[in-house]
Amino acid sequence: MIRIPYLDLKAVNAEVQAKLDQAYARVLDSGWFILGREVRAFEEAFAAYVGVKHCVGVGNGLEALHLILRAYGIGAGDEVIVPSNTYIATWLAVTYAGARPIPVEPDPRTYNLDPARIEMALTERTRALLPVHLYGQPAAVEPIMAIADRHDLVVIEDAAQAHGARYQGHMCGSLGHAAGFSFYPGKNLGALGDAGAVTTNDDVLAEAVRSLRNYGSQKKYENERLGFNSRLDELQAAFLSVKLPYLEQWNRHRQAIADRYTEIFSKEPGLIVPYVAERSSHVWHIYPLRCTRRDALQAYLAREGIETLIHYPHPPHRSEAYAFSGYPEGAFPLAEEIAETELSLPISPVMSLNDAEVVAQAVIGFLKTG
Ligand SMILES: *Cc1c(COP(=O)(O)O)cnc(C)c1O
């Protein structure tokens, strides 16, 4: 029987294994593991890639967002606009900082924060807008920035799924006032463990995050603020420097798979294929197909040897963690509908187009059963 995994990380890393081995040997040989030359080199390379002045390596994507919020002084009594449909980390960053996440429903076509719904959610306590470039597609940043300008708010991008995605020619991570990236192993640019980064053109913010990630200190034993320990380590930075030059080609391969899927599915009335907004590029961290008989489709594909995932089975407001917020079922119907109908098909830099064809034909085979 065929077996098509959702994502074969071993195969992804095997493409660059010799270089990863060299990077490991170099760091081991240096005897220096925290905040050194490797982190600086990756920060410079990633800042140049994204097209911003500063990149600050941190422990993971959640911490990247959390430290940005802290650095802007956002906390108790403040509100931050977040998408109702996102990975829970977006909300948790706001909660960690002591502020309140205020959910806003998505544009039903792009699944990203709907600018038309933001202004009615603003109050005198709103301090920031936190759009997510969900699945790898840039959020509608131009109207979001216009709202932020009108109301004197900061815009923090959650770019954890959007390494290399462009909006009107500009890279995600350079579009708002600051951005948080995750290099979790399965992301489009993934480390071999946890890792993250903050990107920004704001000198003051970059300095504050540099301090916050390292006990509130820039100079050893001089602590200027109440900081955290959330550093990108030398080893992960060295691995990321190996993989960054491959990101564009890996994203192009994801695009080719997504194009094949969409071409095959677009005439099928039982499916909703992902929509890509004009003047945006999608980097397909996830290929989100939608089908009302989603659970049956997933079970059918599993029987065919095809592994799929759901992003995400519960919107944050319906998680136990946020039960204290008191949002009933139906509070955010679009987020709930996406959670009930979304199915993520296999996609990766190492998946063959032939396997994509097999997956797509299996989906068509399922539709004929209904
Ligand atoms: C992965 C992810 C995060 C969190 O990143 P970690 O590195 O796992 O902490 C945040 N937001 C979104 C949208 C993500 O997909």
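Residues numbered from 1 in each chain as written. Predicted model: local features only at pLDDT ≥ 70, side-chain atom pairs only at ≥ 80, totals over all residues. Heavy atoms only, no water.

Engineer: Please explain the packing of aromatic side chains as it appears in this structure.
Structural biologist: All told, the structure shown has 17 aromatic pairs when counted by the stated rule. Judged by centre distance (5.3 Å) and plane angle (85°), the rings of F46 and F183 are edge-to-face. Of this pair, F46 sits in helix α3 (residues 37-50) while F183 sits in the loop between β8 (178-182) and β9 (196-200), and the two are 137 residues apart along the sequence. Taking the relative accessible area as the measure of exposure, F46 reaches 0% and is therefore buried. (Phe/Tyr/Trp six-rings, centres within 6.5 Å; stacked < 30°, edge-to-face > 60°. Helix = DSSP H or I, 4+ residues; strand = E, 2+ residues; numbered from the N terminus. Buried < 20%, exposed > 50% of the residue type's maximum accessible area, 1.4 Å probe, protein only.)

Engineer: Explain the side chain of R290 to me, please; I cannot follow it from the model alone.
Structural biologist: Along the chain, R290 turns up in strand β12 (residues 287-290). With relative accessibility at 7%, the residue R290 sits in the buried group. In this structure the side chain of R290 is engaged in a polar contact, spanning 3.3 Å, whose partner is the side chain of Y111. In contact with R290, other than residues within four places in its own chain, are P108, Y111, G270, L271, I272, E337, I338, T341 and E342. (Polar contact = N/O pair within 3.5 Å; in protein donor to acceptor, adjacent residues only side chain to side chain. Contact = heavy atoms within 4.5 Å.)

Engineer: I tried to follow the nonpolar core on my own but got confused; where do I start?
Structural biologist: In globular proteins that are soluble, nonpolar side chains generally tend to be buried together. Counting 32 residues, the largest nonpolar core has L69, Y72, I74, V80 and I156 as its most contacted members. Counting residues per element, this core draws most heavily on helix α4 (residues 61-71), at 6 residues. Built from parts of two domains, this core gets at least three residues from each of domain 1 (7-242) and domain 2 (244-367). Discounting chain neighbours no more than four positions away, the residues touching I156 are L65, I68, L69, Y72, A128, L129, L130, P131 and A178. With 28 residues, the next largest nonpolar core counts C291, I306, I347 and V359 among its residues. (Core = buried A, V, L, I, M, F, W, Y, C linked by side-chain atoms within 4.5 Å. Domains from an automatic or database assignment.)

Engineer: Any chance you could explain the domain arrangement of the protein here in plain terms?
Structural biologist: By the assigned domains, the protein splits into domain 1 (7-242) and domain 2 (244-367). With centres defined by C-alpha atoms, the gap from domain 1 to domain 2 works out at 23 Å. Facing the 49 residues of domain 1 at the interface are 41 residues of domain 2. Regarding the contact of domain 1 and domain 2, the summed buried area is about 4,000 Å², with carbon and sulfur atoms giving 60% of it. (Buried area = accessible area lost by both parts, 1.4 Å probe.)

Engineer: What should I look at first to understand the site of the ligand in this one?
Structural biologist: The environment of the ligand is formed by 13 residues, the closest being G61, D158, Q161, S182 and K187. Within the contact set of the ligand, an oxygen atom lies 2.8 Å away from a backbone nitrogen or oxygen of G61. K187 places a side-chain nitrogen or oxygen 3.0 Å from an oxygen atom of the ligand. Within the complex, the protein chains bury 91% of what would otherwise be the 380 Å² of accessible surface of the ligand. For the ligand, the cavity whose grid points lie within 2 Å of the majority of its atoms is the largest pocket. Put simply, the parts of the chain that give the shell around the ligand at least two residues each are α4 and α5 (88-97). Each residue belonging to the shell around the ligand can be placed in one class, and the counts come to 6 nonpolar, 5 polar and 2 charged. (Near = heavy atom within 4 Å. Areas by Shrake-Rupley, 256 points an atom, 1.4 Å probe, with all protein chains shown as cover. 1 Å grid on protein atoms, 1.4 Å probe; cavity = no way out; pocket = protein on both sides within 12 Å on 5 of 7 lines; lining within 4 Å. Sits in = over half its atoms within 2 Å of the grid points. Nonpolar A, V, L, I, M, F, W, Y, C, P; charged D, E, K, R; others polar.)

Engineer: Sorry, what's going on with helix α11 (residues 294-303) here?
Structural biologist: Working note: α-helix, 3.6 residues per turn, so residues spaced by three or four point in the same direction. Turning to α11, its buried residues number three or more, namely R294, L297, Y300 and L301. For α11, the buried positions fall inside an angular range of 125° around the axis, keeping them on one side. Residues of α11 that are exposed and angled more than 90 degrees away from the buried face: D295 and R303. Two residues or fewer after α11 comes G305, characterised by a positive phi angle close to 85°. (Arc of directions from axis to C-beta.)

Engineer: How do you make sense of the packing of α11 against helix α13 (residues 353-369) when you look at a structure like this?
Structural biologist: Describing two packed helices takes the angle between their axes plus the distance from one axis to the other. In the contact formed by α11 and α13, the axes pass within 10 Å of each other and the chain directions differ by 125°. One element, α11, and the other, α13, form an angle in the oblique class. The two elements α11 and α13 meet at a crossing, and its hand is right-handed. Only V359, A362, V363, G365, F366 and T369 of α13 make contact with α11, whose side of the interface consists of A296, L297, Y300 and L301. Each residue belonging to the contact of α11 with α13 can be placed in one class, and the counts come to 8 nonpolar, 2 polar and no charged. (Axes fitted to C-alpha atoms, helices over the stretch in contact; angles between N-to-C directions. Parallel < 35°, antiparallel > 145°, perpendicular 65-115°, else oblique. Left-handed = near helix turned anticlockwise from the far one by under 90°.)

Engineer: Help me understand the side chain of H285, please; the structure alone is not making it clear to me.
Structural biologist: Here H285 lies in the loop between α10 (247-265) and β12. When its relative accessible area of 11% is taken as the criterion, H285 is described as buried. With residues near it in sequence (within four places) discarded, H285 still touches Y6, Y135, G136, Q161, G186, K187, N188, R254 and I347.

Engineer: Sorry if this is basic, but what is going on with a nonpolar patch on the surface here?
Structural biologist: A contiguous nonpolar patch, built from Y24, L28, F33 and I34 and spanning about 380 Å² of accessible area, is present on the exposed surface. On the secondary structure map, F33 appears in the loop between α2 (17-30) and α3. Overall, F33 belongs to the partly exposed group, its relative accessible area being 41%. (Patch = residues over 30% accessible without salt bridge, like charges linked within 9 Å, V, L, I, M, F, W, Y side chains within 5 Å. Salt bridge = Lys/Arg side-chain N within 4 Å of Asp/Glu carboxyl O.)

Engineer: What should I look at first to understand the UniProt feature "active site" (unreviewed entry) in the protein in this one?
Structural biologist: As recorded in UniProt, the feature "active site" (unreviewed entry) lies at K187. The contacts of K187, once residues within four sequence positions are left out, are A160, H163, S182 and H285. (UniProt positions renumbered as here; feature names shortened; annotations may be inferred.)

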